[in-house]
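So you can see what is in the structure, the chains are spelled out below.
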Amino acid sequence: MISAAFKQTKITCFAYGQTGSGKTFTMMGNNDKRIPGLYLLSAVDVFNFLNKTENSTLAIWVSFYEIYCNNLCALFN
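This one's a predicted model, so the numbers in the text were calculated from it and none came from an experiment.

The rules we used
Residues numbered from 1 in each chain as written. Predicted model: local features only at pLDDT ≥ 70, side-chain atom pairs only at ≥ 80, totals over all residues. Heavy atoms only, no water. Helix = DSSP H or I, 4+ residues; strand = E, 2+ residues; numbered from the N terminus. Buried < 20%, exposed > 50% of the residue type's maximum accessible area, 1.4 Å probe, protein only. Contact = heavy atoms within 4.5 Å. Pairing = 2+ DSSP bridges. Disulfide = S-S within 2.5 Å. Polar contact = N/O pair within 3.5 Å; in protein donor to acceptor, adjacent residues only side chain to side chain. Patch = residues over 30% accessible without salt bridge, like charges linked within 9 Å, V, L, I, M, F, W, Y side chains within 5 Å. Areas by Shrake-Rupley, 256 points an atom, 1.4 Å probe, with all protein chains shown as cover. Salt bridge = Lys/Arg side-chain N within 4 Å of Asp/Glu carboxyl O.

Visitor: Explanation requested: the overall build of the chain in the structure shown.
Guide: From N to C terminus, the chain includes three helices and two strands. Reading the chain from its N terminus to its C terminus gives the helix and strand order α-α-α-β-β. Residues classed as buried in the chain amount to 13% of the 77 residues present. By sequence separation, contacts in the chain at least 24 residues apart represent 25% of the contacts at least 6 residues apart.

And the structure:
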């Protein structure tokens, strides 16, 4: 999936589910990072890919949004 993101493909990770079903744990892992979440695992893969010399001209943009009670919030705002 990471290599597809650098071939003009947009990648989305959408977490949806009932309160208490484990969305936050899946995305962020646990507090001491012994179990990494998808954010950390994806970031490691992306930056390993960018560190290759053939990819040195590539750039990334990241945005985080939250939809809560029918309101969309940009979390990096």
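Resuming the write-up.
Visitor: What's the story with the pairing of strand 1 (residues 65-68) in this structure? I'm lost.
Guide: In terms of strand pairing, strand 1 meets strand 2 (residues 71-74) through four bridges, oriented antiparallel. Bridging across to strand 2, Y65 finds its partner in A74. From the end of strand 1 to the start of strand 2, which pair antiparallel, there are two residues, and C69 there has a positive phi angle of about 50 degrees.

Visitor: I would appreciate a short explanation of the state of the cysteines in the present structure.
Guide: Disulfide: a covalent bond connecting the sulfur atoms of a pair of cysteines. Summed over the entire model, instances satisfying the criterion amount to zero disulfides. Note on C69: no disulfide assigned, nearest cysteine sulfur contributed by C73 at a separation of 9.7 Å. For C73, a relative accessible area of 34% translates into the label partly exposed.

Visitor: Explain the side chain of N30 to me, please; I cannot follow it from the model alone.
Guide: Take N30: it is sitting in the loop between helix 2 (23-28) and helix 3 (38-50). With relative accessibility at 18%, the residue N30 sits in the buried group. A distance of 3.3 Å separates a polar side-chain atom of N30 from the backbone nitrogen of R34. Discounting chain neighbours no more than four positions away, the residues touching N30 are F25 and I35.

Visitor: Is there a simple way to think about a nonpolar patch on the surface in this case?
Guide: A grouping of F14, Y16, Y65, I67 and L72 is seen on the molecular surface, where their side chains present a nonpolar patch of about 720 Å² in accessible area. Mapping Y16 onto the fold places it in the loop between helix 1 (2-5) and helix 2. On the basis of relative accessibility, which here comes to 74%, the residue Y16 falls in the exposed class.

Visitor: Is there a simple way to explain unusual backbone geometry in this structure?
Guide: Outside of glycine, negative phi angles account for most residues, and trans bonds account for most peptide bonds. The backbone of C69 shows a phi angle near 50 degrees, a positive value even though the residue is not glycine. With relative accessibility at 56%, the residue C69 sits in the exposed group.

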